[in-house]
Amino acid sequence: MKCMLFLHSFFLEVVNCCGFIICFIAIDSTNVSAQISTDRLYKVLTLTGEKQAARDLPQDHGVTGLYQKLLKLTTTASVLHTQAHPDDEAADLVTYLGRGTGARTALLSLNRGESGGNVVGVEAFEALGLLRTEEFLLAASYYGLDDLYFTKLVDYGFSKRVEEAYDKWGKENVMREMVKVIRINRPLVIVSRFHGSERDGHGNHQAAGEISQQAFLLAGDPLAFPEQISGEGLRPWKALKFYRGGVQENEHWNIGLNTGEYSPWLGKSYKNFAALGYSFHRSQFAGQINEVSGPAVQYYERLHSNLKSNEKENSFFDGIDTTITGIFTMSGETAPAGIMPLLTDIATDITQAIAALRVDTPVAVVSQLTDGLSKTRAAIRLLTYPSEALFLLRIKERQFTDAINTALGIHLQGIAVPENTSNTRNFWEPLPTMGVAVAGKTFKVQVELVNNSTVSISPKLIRITGPAGTRLIGNEAVFNQLRPNEKITQSCEVTLSENAPYSQPYFYLDSLQQNQYFLKNPAYEYLPWGAPAMNVSATYTINGEAIELQMPVQVRQANLPYGYNDYTLKIAPAIAVNIQSRHGIIPLNKKVKSIDVTIELVNNYDSIISGSLALKVPTGWKTVPQQKAFSFSRAGEKNNFTIKILMQGIEQKNYAIQATALANGKDYTEGYELINHRDMDQAVLYHPAIANIKGMNVTITPGIRIGYVMGVGDEVPRCLEQLGATVQLLNPSDLSSAVLSKYDVIMIGTRAYAVRSDLNTYNQRLLDYAKNGGHLIVLFQTPEFVPQKMAPYPAVLPDNSEEVSEEDSPIQLLDEHHRVLNYPNKITVKDFEHWEEQRGSKFFSTWDAAYTPIVATHDKDQAPQSGGWLMAKFGKGYYTYCAYSFHRQLPNGVTGAYRIMANLISFGKK
């Protein structure tokens, strides 16, 4: 099993990320008081903790996992790989270095990919950033990554110019973030994924490449961002070499790495094993795996070196002493008396452990590992000041304990279950399941510690910890011995404080216009997630060495018939209040006197709970009824409640409606979005239970019926209904055999051709529908859509199709008299103001003369693009391709986007 073991004198704060354990280590201050301030922000992290079962890798257990941990013990090599977004990484590089050479590997992403696409769900913006964080963590488990960092920068969308990235983020701010991560991680080598030039394409990519080079130089300068040193306890760090990737064989390069090399302990080449991990960026690539056979040489160019280096190198670490005994040679520090013999002995213990490794008896290496651990701890005690040697030896201590744990096959798990769960279970009975924990409520945590080895260990303590004010009964059990192939079980009764904080990200945005996150808790800055709600820890000794394991408490949820999934325990409100449409519009011309607001209540309370639901509305408005009673009897129950709002006149402005559920004497005024996808831990995004309604000057032709072919998932159908249209989602049966002529418009949703095989099968029926008098509207698509074959007239949508990423790009109306720009709303360039993130993507490059381009736009230094909105008469009907980003604009209430959409769906109607 993969787990982390730690010296008892360390304070540990463990963060669970999709089954990874990210651990802060702060050394006890008994030796040196200055160490706390200096070292607490080193944030020595690891992603090599025990993973939850659904996300665990066999390659990290048994002798294969043990051998890789022994490799890490042999070296102090470390590398930081920089990139702009999740999915930018050279996955094969970090996999080869981490799993093949034992180097400590880290990835730094400038953002979480909030503005990317999403082919697996409806998550967008913040929610998509959380999903992509989980995807990245799952990918990282395959890479064997040690550290994963994100800056506080927010992905604002595609950018062609690096200047736009700096306008959005601030160049100095990007530099400050990257310098700080370098000073925290302290890598020997930095490898940039990008060049830092126009060849990188995306402005974010270019910024990542350019800033990486400059940050390499500045991180070692104490005058650069001195507040990080004087105020935050960091120290300057001068990495020894800097490389950049993406180099071709016919260009200048210094290292060629064959990541196609076969790994006997992985059962695949490093490149192909990395490809398995990379495929978990599913929201971007729908899980595609691109495996290759044979050699796969990747080339890297060295741009900076702080030591003498050969023109051609075999490794990033050529010329660097990465041995245990070379720690002081590499750091340039003076070795204290008595430490060098210890380092020599540590290196010998590691060599002997590797020699003693046997497939059938992994425990044979434990004596050498505990000897090495003991000497490592002795060496640490000799270092009475903050130093690079101390930093490296702490990492070695962690690696020793991790290897010991794997050799022994130690398993520690804490599962939260309902309060009434029996502590014994017959094998035929279903496993106990639980959703979330609720503040003030009681549940149990069932703990098991298993010794899978052939030797005994001596457990000292099993303990559960939770938020401040948590009441624990049956905690801190003490044991004497755990014999081979035996387990210890313990049950603890937990009652959370009424003020226990909800589980949510430590970072947040106040609005989508922000380009950087605020932090609720700066202690977790740059980490994927904050601390878990509760932890379970166990302390035991082996050969006289004390070992502490710490794991997040989890919950088990049924996913039948596919078994059960384990997730990190979350604390949530007893009642979650979710307004179904948090953004809406009311067309002024409809003279609406009332609207219905639907509120979903989610019950997390594990017994009977009753209360009332009410809406707070603007002055002069009324609700019918004034409140609605609700009652739940079981956790997990949901119900929708509709309250009518009577309005006195609507003006062209914004209105706020607040929903409040009152139960057990407490007001509940927020809900959450549960981000839950296969193989990944759950993430939660909270939002206030407020609906923002906008009175809007927009008109459509009355009585329009729309058939909508949903693609990857969007909120366009809901927005069309708010305009006054009747919308039906079309399923495969509808596309194959339904009477399509009953629809005034059929709209093909975002990226539908990429994910709907039935759409490709029955595309001709849709073309016939248009030819016979309907209006077929195709929204933004990816190159799976081939207009040469799938549209009525020839056109080209190339793989590198144009997009206009600047949301305020200039607009030219190509034919102001075209009916689509005049009925039923007069469209002007003002309707393209206040757009968000981008204009559009995947524009046609060339098209038949039968198409009429409606609008032209362009980014700075880009030629005018008129292939984003094309319309054509086709038989008795019409065909439209419109790649403008309605899927982003409509859900956020952009007035002009609604007016343009209203004209599109009204086109051809009287």
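Computed from a predicted model, the values in this text were never measured in an experiment. In this convention, every chain numbers its residues from 1, walking through the sequence in written order. Given that the model is predicted, a residue must reach a pLDDT of at least 70 before its local features are reported, and side-chain atom pairs must reach 80 or more before they are shown or counted; all residues, however, enter totals for whole chains, interfaces and linings. Only heavy atoms go into the side-chain values, all of them from the structure, while hydrogens and water stay out.

Novice: Is there a simple way to think about the overall build of the protein in this case?
Specialist: Helix and strand definitions follow DSSP, with helices as H or I runs of at least four residues and strands as E runs of at least two, each counted in order from the N terminus. Each helix and strand in the protein was counted, giving 22 helices and 49 strands. In this setup the radius of gyration rests on C-alpha atoms only. A globule is expected at 2.2 Å times the number of residues raised to 0.38. Scaling as 2.2 N^0.38, a compact globule of 910 residues should have a C-alpha radius of gyration of about 29 Å, and the protein matches this with 30 Å. By principal-axis analysis of the C-alpha atoms, the protein measures approximately 90 × 70 × 50 Å. Only protein chains enter the area calculation, which uses a 1.4 Å probe; residues under 20% of their type maximum are buried, those over 50% are exposed, and those in between are partly exposed. Of all 910 residues assigned to the protein, the portion counted as buried reaches 60%. Methods summary: accessible areas were calculated by the Shrake-Rupley approach with a probe of 1.4 Å, and residue burial reflects only the protein chains presented. Accessible surface, the protein as shown: approximately 34100 Å² in total, 49% of it carbon and sulfur. Here the protein contributes 84 positive and 91 negative side-chain charges, whose respective centroids are spaced 5 Å apart. In this tally Asp and Glu are treated as negative and Lys and Arg as positive; neither His nor the chain ends contributes. To locate a charge, take NZ of a lysine, CZ of an arginine, CG of an aspartate or CD of a glutamate.

Novice: I tried to follow the environment of leucine 601 on my own but got confused; where do I start?
Specialist: Looking at the secondary structure, you find leucine 601 in strand β27 (residues 594-603). As a C-alpha pair, leucine 601 and lysine 460 span 141 residues in sequence and 45 Å in three-dimensional space. If sequence neighbours within four positions are ignored, leucine 601 has contacts with Ile575, Ala576, Val577, Leu613, Phe630, Phe632, Glu637, Lys638, Asn639, Phe641 and Ala661. Note on contacts: a residue pair is in contact if any heavy atoms of the two residues lie within 4.5 Å.

Novice: Honestly, helix α19 (residues 763-771) in this entry has me stumped. Any pointers?
Specialist: Along an α-helix, residues three or four apart share an orientation, since each turn contains 3.6 residues. Taken residue by residue, α19 has Asn763, Leu766, Leu767, Tyr769 and Ala770 as its buried positions. One side of α19 carries all its buried residues, which in axial view fall inside an arc of 155°. Directions are taken from the helix axis to each C-beta atom, and the arc is the one they span.

Novice: For this particular structure, what's the right way to read the sheet that holds strand β23 (residues 564-568)?
Specialist: Paired through backbone hydrogen bonds, the strands of a sheet run either parallel or antiparallel to each other. A pair of strands is labelled paired if DSSP reports no fewer than 2 bridges between them. Here we have six strands laid out as an open sheet, ordered β16-β17-β14-β12-β22-β23, and mixed in their pairing. For this open sheet the edge positions go to β16 (471-473) and β23, each flanked by a neighbour on one side alone. On average, each strand axis in the sheet is tilted by 35° relative to the strand beside it, whichever way the strands run. In terms of strand pairing, β16 meets strand β17 (residues 486-495) through three bridges, oriented antiparallel. Bridge pairing links arginine 471 to threonine 495 in β17. Geometry is summarised by axes, namely lines fitted to C-alpha atoms with helices restricted to the contacting stretch, and by angles between N-to-C directions that run from 0 to 180 degrees.

Novice: When you look at the pairing of strand β49 (residues 877-882) in this model, what are you seeing that I'm missing?
Specialist: Consecutive side chains of a regular strand alternate in pointing toward one face of the sheet and then the other. Counting buried positions along β49 gives five out of six residues, so the element sits mostly inside the fold. Sheet topology places strand β40 (residues 775-779) next to β49; five bridges connect them, and they run parallel. Considered in β49, the bridge of histidine 775 is made with tyrosine 878. As defined by bridge partners, strand β48 (residues 869-874) adjoins β49 across six bridges and the pair is classed as antiparallel. What sits directly across from methionine 871, in β49, is threonine 880. Between the end of β48 and the start of β49, which pair antiparallel, lie two residues, with glycine 875 showing a positive phi angle near 60°.

Novice: Is there a simple way to think about the packing of aromatic side chains in this case?
Specialist: Ring pairs (aromatic) are described by centroid distance and by the angle formed between their planes. Pairs were defined over the aromatic rings of Phe, Tyr and Trp, the Trp ring being its six-membered one, requiring ring centres within 6.5 Å. Orientation was assigned from the angle between planes: stacked under 30 degrees, edge-to-face over 60, tilted for the rest. In total, this model carries 35 aromatic pairs according to the counting rule given. Members of the aromatic cluster, connected to one another through ring pairs, are Tyr753, Phe785, Tyr793, Phe844, Tyr851, Phe874, Tyr879 and Tyr881. For a ring to carry a charge above it, either NZ of a lysine or CZ of an arginine must fall within 6 Å of the ring centroid while also lying within 35 degrees of the normal to the ring plane. The lysine or arginine in question, arginine 112, covers the ring of phenylalanine 150, its NZ or CZ lying 4.4 Å from the ring centre. Its end group placed over the ring of tyrosine 156, lysine 168 keeps NZ or CZ at 5.6 Å from the ring centre.

Novice: What's the story with the sheet that holds strand β20 (residues 535-542) in this structure? I'm lost.
Specialist: Spatially, three strands are ordered β15-β20-β21 in an open sheet, and the strand pairing comes out antiparallel. Here the strands that pair on one side only, and so sit at the sheet edges, are β15 (458-465) and β21 (545-552). Pairwise comparison of adjacent strand axes, ignoring direction, gives a mean angle of 15° for this sheet. The pairing of β20 with β21 spans eight bridges and is antiparallel.

Novice: How should the nonpolar core be read in this particular structure?
Specialist: Considering soluble globular proteins, one finds that nonpolar side chains tend to be buried as a cluster. The definition of a nonpolar core used throughout is a set of buried Ala, Val, Leu, Ile, Met, Phe, Trp, Tyr and Cys residues joined through side-chain atoms within 4.5 Å. Counting 194 residues, the largest nonpolar core has Tyr143, Phe316, Phe443, Leu569, Ile599, Leu601 and Ile657 as its most contacted members. In this view, tyrosine 143 contacts Glu89, Ala91, Val94, Thr95, Arg99, Leu107, Phe136, Ala274, Gly277, Tyr278 and His281; residues no more than four positions away in its chain are not counted. Membership of the second largest hydrophobic core comes to 75 residues, among which are Ile700, Leu735, Tyr743 and Met747.

Novice: Teacher, can you tell me more about helix α12 (residues 339-356) here?
Specialist: Between its terminal C-alpha atoms α12 stretches 26 Å, which fits the 26 Å expected from 18 residues at 1.5 Å a residue. Taken residue by residue, α12 has Ile339, Leu342, Leu343, Ile346, Asp349, Ile350, Ala353 and Ala356 as its buried positions. In a view along the axis of α12, the buried residues occupy a sector of 150°, so they form one face of it. Exposed side of α12, more than 90 degrees from the buried face: Pro341, Thr351 and Ala355 are the residues found there. Contacts from the buried residues of α12 go to α2 (62-73), α11 (327-331), α13 (366-382) and α14 (388-408). Expected span of a helix, by definition, is 1.5 Å for each gap between consecutive residues, and there is one gap fewer than residues.

Novice: Looking at this model, I keep getting lost on the confidence of the model for the protein. Mind explaining?
Specialist: Caution applies to low-pLDDT parts of the model: their predicted coordinates are not meant to be read in detail. Values of pLDDT, which run from 0 to 100, indicate the predictor's confidence residue by residue. Overall, the predicted model of the protein reaches an average pLDDT of 90, with 94% of residues at or above 70. Predicted confidence is poor over residues 1-54, with pLDDT under 50, and the contacts of this stretch with residues over four places away or in other chains come to 221 contacts.

Novice: What is the right way to read the pattern of salt bridges from this model?
Specialist: A side chain of one charge can pair with a side chain of the opposite charge when the charged atoms of the two come close. By definition here, a salt bridge exists when the distance from a side-chain nitrogen of Lys or Arg to a carboxyl oxygen of Asp or Glu is within 4 Å. In total, this model carries 40 salt bridges according to the counting rule given. Residues aspartate 859 and lysine 160 are paired through a salt bridge, measuring 2.6 Å at the closest nitrogen-oxygen approach. Within this pair, whereas aspartate 859 is found in the loop between β47 (855-857) and β48, its partner lysine 160 is found in the loop between β5 (147-150) and α5 (162-169), the two being separated by 699 residues in sequence. By relative accessible area, which is 25% here, lysine 160 ends up partly exposed. Of the charged contacts in the structure, one is a salt bridge between glutamate 313 and arginine 302, with a shortest N-O distance of 3.0 Å. Here glutamate 313 is found in the loop between β11 (297-305) and α11, whereas its partner arginine 302 is found in strand β11, with 11 residues between them in sequence. Given the relative accessible area of 5%, glutamate 313 is considered buried. We classify arginine 302 as buried; its relative accessible area is 16%.

Novice: What am I meant to see in the packing of helix α3 (residues 91-101) against helix α9 (residues 270-278) here?
Specialist: When two helices pack together, their arrangement is captured by the angle between the axes and the distance separating the axes. One can describe the packing of α3 onto α9 by two numbers: an axis separation of 8 Å at closest approach and a directional angle of 115°. For the pair α3 and α9, the sense of crossing is right-handed. Contacts between α3 and α9 pair Ala91, Asp92, Thr95, Tyr96, Arg99 and Gly100 from the former with Tyr270, Lys271, Phe273, Ala274 and Tyr278 from the latter. A per-class count over the contact of α3 with α9 returns six nonpolar, two polar and three charged. In this scheme the crossing of two helices becomes right-handed for a clockwise turn of the near helix relative to the far one and left-handed for an anticlockwise turn of less than a right angle. Just so you know the grouping, Ala, Val, Leu, Ile, Met, Phe, Trp, Tyr, Cys and Pro go in nonpolar, Asp, Glu, Lys and Arg go in charged, and all remaining residues, Gly too, go in polar.

Novice: So what exactly am I meant to see when it comes to the side chain of asparagine 903 here?
Specialist: If you trace the backbone, asparagine 903 turns up in helix α22 (residues 895-906). Setting aside residues up to four positions removed in sequence, asparagine 903 forms contacts with Val820, Leu821, Asn822, Tyr823, Pro824, Asn825 and Ile827.

Novice: Help me out: how do you make sense of the pairing of strand β39 (residues 745-748) in this one?
Specialist: By the alternation rule, side chains of β39 split into Val745 and Met747 and Ile746 and Ile748, which are all buried. With four bridges connecting them, strand β37 (residues 705-709) and β39 associate as parallel partners. Bridging across to β39, isoleucine 706 finds its partner in valine 745. The pairing of β39 with β40 spans four bridges and is classified as parallel. Bridge pairing in β40 links isoleucine 748 to valine 778.

Novice: Hey, could you run me through the environment of lysine 241 in this one?
Specialist: Position of lysine 241 relative to the elements: it lies in strand β7 (residues 241-247). C-alpha separation for the pair lysine 241 and leucine 382, spaced 141 residues apart in sequence, amounts to 30 Å. Definition of a polar contact: a pair of N or O atoms within 3.5 Å, with one able to donate and the other able to accept a hydrogen when the atoms are protein atoms, and with sequence-neighbouring residues admitted only if both atoms are side-chain atoms. Reaching out from lysine 241, the side chain makes a polar contact with the side chain of tyrosine 243 at a distance of 3.4 Å. Side-chain polar atoms of lysine 241 contact the backbone oxygen of aspartate 318, separated by 2.6 Å.

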